[in-house]
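# Understanding the architecture of this molecule
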Amino acid sequence: MEQKRYSVKCMFQTTYYAMGGQQLPRVSWVERMFYLRASDLEDSYRRAEELALEYECDYTNEEHQFVCCRLYEISDSCEILCDRLQSGTELYTNFFDASEEEVEAILRCQFGEKGAPTDSVS
């Protein structure tokens, strides 16, 4: 079966913790767009989730804060015509600070309620 080409957007939430485990009020976000080959739209979400989980991480930053980055949502997938890219290529990355409510408003504004199928990200 020939695979189609997709561009899939994944949103990651980064939370910060002080020494001792208290969550700090700062929350950062990362939007990453990947190029993937998949059999259909649903398969593109599944493959995007597999790839996105590789980007989840925990580390201690230079300010001695514990930083935790997790997949928040796969918000969009669309078939594209470009055939010169390797599957898994990151097409776009955007880092920013915002509240969860602000991010939800951004996602609704950009994509309405058409994000990933509800069972695609646990």
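First, a word on scope: everything that follows refers to the structure included in this document. (Residues numbered from 1 in each chain as written. Predicted model: local features only at pLDDT ≥ 70, side-chain atom pairs only at ≥ 80, totals over all residues. Heavy atoms only, no water.)

### Digging into the overall build of the protein
Looking only at helices and strands, one finds two helices and five strands in the protein. Along its sequence from the N terminus, the protein presents helices and strands in the succession β-β-α-β-β-β-α. When the 122 residues of the protein are sorted by exposure, 39% land in the buried category. Counting contacts in the protein only where the partners sit at least 6 residues apart, residues at least 24 apart contribute 73% of the total. For the protein, the exposed surface amounts to about 7,500 Å²; the carbon and sulfur share of it is 49%. (Helix = DSSP H or I, 4+ residues; strand = E, 2+ residues; numbered from the N terminus. Buried < 20%, exposed > 50% of the residue type's maximum accessible area, 1.4 Å probe, protein only. Contact = heavy atoms within 4.5 Å. Areas by Shrake-Rupley, 256 points an atom, 1.4 Å probe, with all protein chains shown as cover.)

### Notes on the sheet that holds strand β4 (residues 66-79)
Spatially, five strands are ordered β3-β4-β1-β2-β5 in an open sheet, and the strand pairing comes out antiparallel. Lying at the two open borders of the sheet, with one neighbouring strand each, are β3 (57-60) and β5 (89-97). In this sheet, adjacent strand axes meet at a mean angle of 20° when their direction is disregarded. As defined by bridge partners, strand β1 (residues 4-17) adjoins strand β2 (residues 23-38) across 13 bridges and the pair is classed as antiparallel. Bridge assignment links Cys10 to a residue of β2, and that residue is Arg32. On top of the sheet, helix α1 (residues 41-53) reaches β1, β2 and β4; it is set at about 160° to β4, its chief contact. (Pairing = 2+ DSSP bridges. Axes fitted to C-alpha atoms, helices over the stretch in contact; angles between N-to-C directions.)

### Notes on the environment of Leu24
Structurally, Leu24 can be placed in strand β2. Note: C-alpha distance between Leu24 and Phe66 (42 residues apart in sequence) is 9.8 Å.

### A word on the packing of aromatic side chains
For the structure shown, the criterion picks out four aromatic pairs. Both rings, one in Tyr17 and one in Phe66, keep their centres 6.2 Å apart while their planes meet at 50°; by these two values the pair is tilted. You can see Tyr17 sitting in strand β1 and its partner Phe66 sitting in strand β4, a full 49 residues away along the chain. Each residue in the set Phe12, Phe34 and Tyr55 is aromatic and connected to the rest through ring pairs, giving one cluster. A cation sits over an aromatic face here: Arg32 above Phe12, 5.8 Å from the ring centre. (Phe/Tyr/Trp six-rings, centres within 6.5 Å; stacked < 30°, edge-to-face > 60°. Lys NZ or Arg CZ within 6 Å of the ring centre and 35° of its normal.)

### Let's talk about the nonpolar core
By size, the foremost hydrophobic cluster in this structure holds 15 residues, and its most contacted members are Val8, Cys10, Phe12, Leu36, Ala48, Leu71 and Ile74. At the level of secondary structure, the elements contributing two or more residues to this core comprise β1, β2, α1 and β4. In contact with Ala48, other than residues within four places in its own chain, are Val8, Cys10, Leu36 and Ile74. Listed in part, the eight residues of the second largest apolar core include Val27, Trp29, Tyr72 and Val103. (Core = buried A, V, L, I, M, F, W, Y, C linked by side-chain atoms within 4.5 Å.)

### Comments concerning the pairing of β3
As paired elements, β3 and β4 share four bridges and run antiparallel to each other. When the bridges of β4 are listed, Thr60 appears paired with Phe66. Here β3 hands over to β4 after five residues, with His64 in that stretch at a positive phi of 65°.

### Here's the deal with the pattern of salt bridges
Evaluated as defined, the whole model comprises six salt bridges. Lys9 is paired through a salt bridge with Glu31; the nearest N and O atoms lie 2.6 Å apart. With a gap of 22 residues between them, Lys9 in strand β1 and Glu31 in strand β2 connect regions that are remote in the sequence. In this pair, the class of Lys9 matches that of Glu31, namely buried. Between Glu50 and Arg46 there is a salt bridge whose closest N-O contact spans 2.5 Å. Of this pair, Glu50 and Arg46 both sit in helix α1, separated by four residues, roughly a single helical turn. Look at Arg46 and you get partly exposed, because its relative accessible area is 40%. A cluster of three or more residues bridged by salt bridges with shared partners is formed by Asp43, Arg46, Arg47 and Glu50. (Salt bridge = Lys/Arg side-chain N within 4 Å of Asp/Glu carboxyl O.)

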